Amino acid sequence: YTREKKQHPGRHKLPDHLPVKEIVIEPEQDTTGLVKIGEEISETLEYTPASLIKRRTIRPKYAKANGDGVLIAGLPTRPIDKSIAEASLLAHIIVSKYVDHLPLYRQIQIFKREFGWNPSQSTFGDWVNSCCVLLEPLYNRLKQKIITSDYIQADESPIKVLDKDKIKSTHQGYQWVYLDPLQHLV
């Protein structure tokens, strides 16, 4: 009995939509007068971590003629009034928490490690709460569409909930998820 060696299927093709950074490495020897007959191409993957950018909004102030006051542009609106968080940062925090299941305290640890920024957990909690308030009309509309559907499915999932009255104690909670499979709404 001889064992057949299985053919390795090879690597998966790298996605075409990724940006490409080309690096051409010429031989160290002099290539003057030589004819290029082709090239060897190797593709590898690099990772560039996300970045925090301090956005500085500068609004020049102008004195009006005859002492009539000051002229200055208004501030652009932001999702949370008087907050330092722009929409892109809030979206990242919300997606990390609810899609990637990354708790706020871990996100804070990552921001501290990667960027030297150490926001408080209560600030992040306030931001998440404010985003939930902003999304409430959308949630209510989605809920109304699902509830009025002729056919819905439901799932009840048990979930441990921290008990605020007892340190390091949890109680049994439930999360109900509703699906309208006909309209693909959750």
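In what follows, the structure referred to is the one given above.
The structure contained in this document is the topic of the report that follows. (Residues numbered from 1 in each chain as written. Predicted model: local features only at pLDDT ≥ 70, side-chain atom pairs only at ≥ 80, totals over all residues. Heavy atoms only, no water.)

### A closer look at the overall build of the protein
A tally of regular secondary structure across the protein gives three helices and four strands. Start at the N end of the protein and walk to the C end: the helices and strands fall as β-β-α-α-α-β-β. In terms of overall dimensions, the protein is more spread out than a globule: its C-alpha atoms have a radius of gyration of 28 Å, far above the 16 Å expected for 186 residues. Its C-alpha atoms give the protein principal-axis dimensions of roughly 80 × 70 × 45 Å. Considering the protein as a whole, with its 186 residues, one finds that 13% of them fall into the buried category. Excluding contacts between residues fewer than 6 apart, the proportion of contacts in the protein whose partners are at least 24 apart in sequence is 40%. Roughly 17,600 Å² of accessible area belongs to the protein as shown, and the carbon and sulfur atoms make up 55% of that amount. Positive and negative side-chain charges of the protein, numbering 26 and 23 respectively, have mean locations separated by a distance of 9 Å. (Helix = DSSP H or I, 4+ residues; strand = E, 2+ residues; numbered from the N terminus. Rg over C-alpha atoms; globule rule 2.2 N^0.38 Å. Buried < 20%, exposed > 50% of the residue type's maximum accessible area, 1.4 Å probe, protein only. Contact = heavy atoms within 4.5 Å. Areas by Shrake-Rupley, 256 points an atom, 1.4 Å probe, with all protein chains shown as cover. Lys, Arg positive; Asp, Glu negative; His and termini not counted. Charge placed at Lys NZ, Arg CZ, Asp CG, Glu CD.)

### Focus: helix 1 (residues 87-98)
Quick reminder: α-helices carry 3.6 residues per turn. Residues three or four places apart thus point the same way. Here helix 1 is twelve residues long and its end C-alpha atoms lie 16 Å apart, about the 16 Å a rise of 1.5 Å per residue gives. Contacts made by the buried residues of helix 1 are with helix 2 (104-115) and helix 3 (121-147). (Expected span 1.5 Å × (residues − 1).)

### Quick look at the packing of aromatic side chains
Summed over the entire model, instances satisfying the criterion amount to seven aromatic pairs. Ring plane angle 40 degrees and centroid distance 6.0 Å describe the contact between Phe 111 and Phe 115, whose orientation is recorded as tilted. Of this pair, Phe 111 and Phe 115 both sit in helix 2, separated by four residues, roughly a single helical turn. The class for Phe 111 is buried, based on a relative accessible area of 5%. Ring centres of Trp 117 and Phe 124 lie 6.0 Å apart, and the angle between their planes is 50 degrees; on these two criteria the pair is classed as tilted. The exposure class of Phe 124 is buried, given its relative accessible area of 0%. Linked through ring pairs, Phe 111, Phe 115, Trp 117, Phe 124 and Trp 127 together constitute an aromatic cluster. Sitting above the plane of the Tyr 98 ring, Lys 97 keeps its charged end 5.1 Å from the centroid. (Phe/Tyr/Trp six-rings, centres within 6.5 Å; stacked < 30°, edge-to-face > 60°. Lys NZ or Arg CZ within 6 Å of the ring centre and 35° of its normal.)

### Some words on unusual backbone geometry
Residue His 101 is not a glycine yet carries a positive backbone phi of 55 degrees. Within the element layout of this structure, His 101 appears in the loop between helix 1 and helix 2. The exposure class of His 101 is exposed, given its relative accessible area of 63%. Of note, His 184 is a non-glycine position whose phi angle comes to about 60 degrees, a positive value.

### Focus: the side chain of Asp 180
Counting through the fold element by element, Asp 180 comes out in the segment after strand 4 (170-179). At 7.7 Å, Lys 145 is the nearest oppositely charged side chain to Asp 180, a buried residue that forms no salt bridge. The residues contacting Asp 180, other than those within four sequence positions of it, are Lys 145, Ile 146, Ser 149, Tyr 151, Ile 152 and Leu 185. (Salt bridge = Lys/Arg side-chain N within 4 Å of Asp/Glu carboxyl O.)

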